[in-house]
Amino acid sequence: MKRKISLKWIFLLLVSALIVLLSVYLLHLRSVKYEGRPLTIAVIGDFPEIKEEQVSFEEITFDDVMNNDFDSYDAIFIMPQNLSQASESPYAKIYLDSPIPFFFIEANNHIPFTEADLDFDDDSWEDWEWTTGTSYASGFYAETADSSTAWEFYLYDDENTDENIKAVYSEIFRSITEL
């Protein structure tokens, strides 16, 4: 006796195979570290833990930011303990005019930093810090006066683990080199 394979079963088999392939691909992306050119990142705050050896960090201060001292850096990271100060009005113009991108770690959006009349701690806006379901880091780069690029980086499965955080940094490094 011959069985007829219905289109429904073929469709279910194809969808299942697609889900498995997508899962494997996402796991692969999570584990891929940045392997591009060497980068020098200025950091306001504590240096992050990363997988990459060709990425170096240098500590800077908000005074360095105010002096537009960016010549030797590929990007600037502002770490969580400094986000409140980073959102103060005088810095917004600097982020908008900077020749390199800024990344705000554990901030779910760049808006409190690039809008002079908003503060990270402003009660009139929703919480700008990372929470489950929001981006873990955001970045901003003003290419020209009329054109800018903004990024949001999410933790895999919204799980705040060392491995997932390091994967976010790898993704940020790739974004920097794509500019």
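As the structure is a prediction and not an experimental result, all values here were calculated from the model.

**Digging into the overall build of the chain**
When its secondary structure is counted, the chain shows 6 helices and 6 strands. The linear arrangement of helices and strands in the chain, starting from the amino end, is α-β-β-α-β-α-α-β-α-β-β-α. The proportion of buried residues among the 179 residues of the chain is 41%. Relative to all contacts within the chain whose residues are 6 or more apart in sequence, the contacts with residues 24 or more apart total 60%. Of the roughly 10800 Å² of accessible surface on the chain, 52% is carried by carbon and sulfur atoms.

**Some points on the pattern of salt bridges**
Under the definition given, this model contains 2 salt bridges. For D97, the salt bridge is made with K93, and the minimal N-O distance between the two is 2.6 Å. Remark: K93 and D97 occur in helix α4 (residues 89–97); sequence separation between them is 4 residues, near one turn of the helix.

**Quick word on the pairing of strand β3 (residues 75–78)**
With burial as the criterion, each face of β3 is covered, one bearing A75 and F77 and the other bearing I76 and I78. Of the pairings in the sheet, the one linking β3 to strand β4 (residues 102–105) comprises 3 bridges and is parallel in character. Its bridge partner being in β4, I78 is matched across the sheet by F104.

**Some words on the sheet that holds strand β5 (residues 137–142)**
Consider a sheet: its strands pair through backbone hydrogen bonds, and that pairing is either parallel or antiparallel. An order of β2-β1-β3-β4-β5-β6 is seen for the 6 strands of this open sheet, with the pairing classed as mixed. Since the sheet does not close on itself, it has two edges, and those belong to β2 (55–59) and β6 (148–153), each with one partner. Ignoring strand direction, the axes of neighbouring strands in this sheet form an average angle of 20°. By the bridge criterion, 4 bridges tie strand β1 (residues 39–44) to β3 in an arrangement that is parallel.

Thresholds applied
Residues numbered from 1 in each chain as written. Predicted model: local features only at pLDDT ≥ 70, side-chain atom pairs only at ≥ 80, totals over all residues. Heavy atoms only, no water. Helix = DSSP H or I, 4+ residues; strand = E, 2+ residues; numbered from the N terminus. Buried < 20%, exposed > 50% of the residue type's maximum accessible area, 1.4 Å probe, protein only. Contact = heavy atoms within 4.5 Å. Areas by Shrake-Rupley, 256 points an atom, 1.4 Å probe, with all protein chains shown as cover. Salt bridge = Lys/Arg side-chain N within 4 Å of Asp/Glu carboxyl O. Pairing = 2+ DSSP bridges. Axes fitted to C-alpha atoms, helices over the stretch in contact; angles between N-to-C directions.

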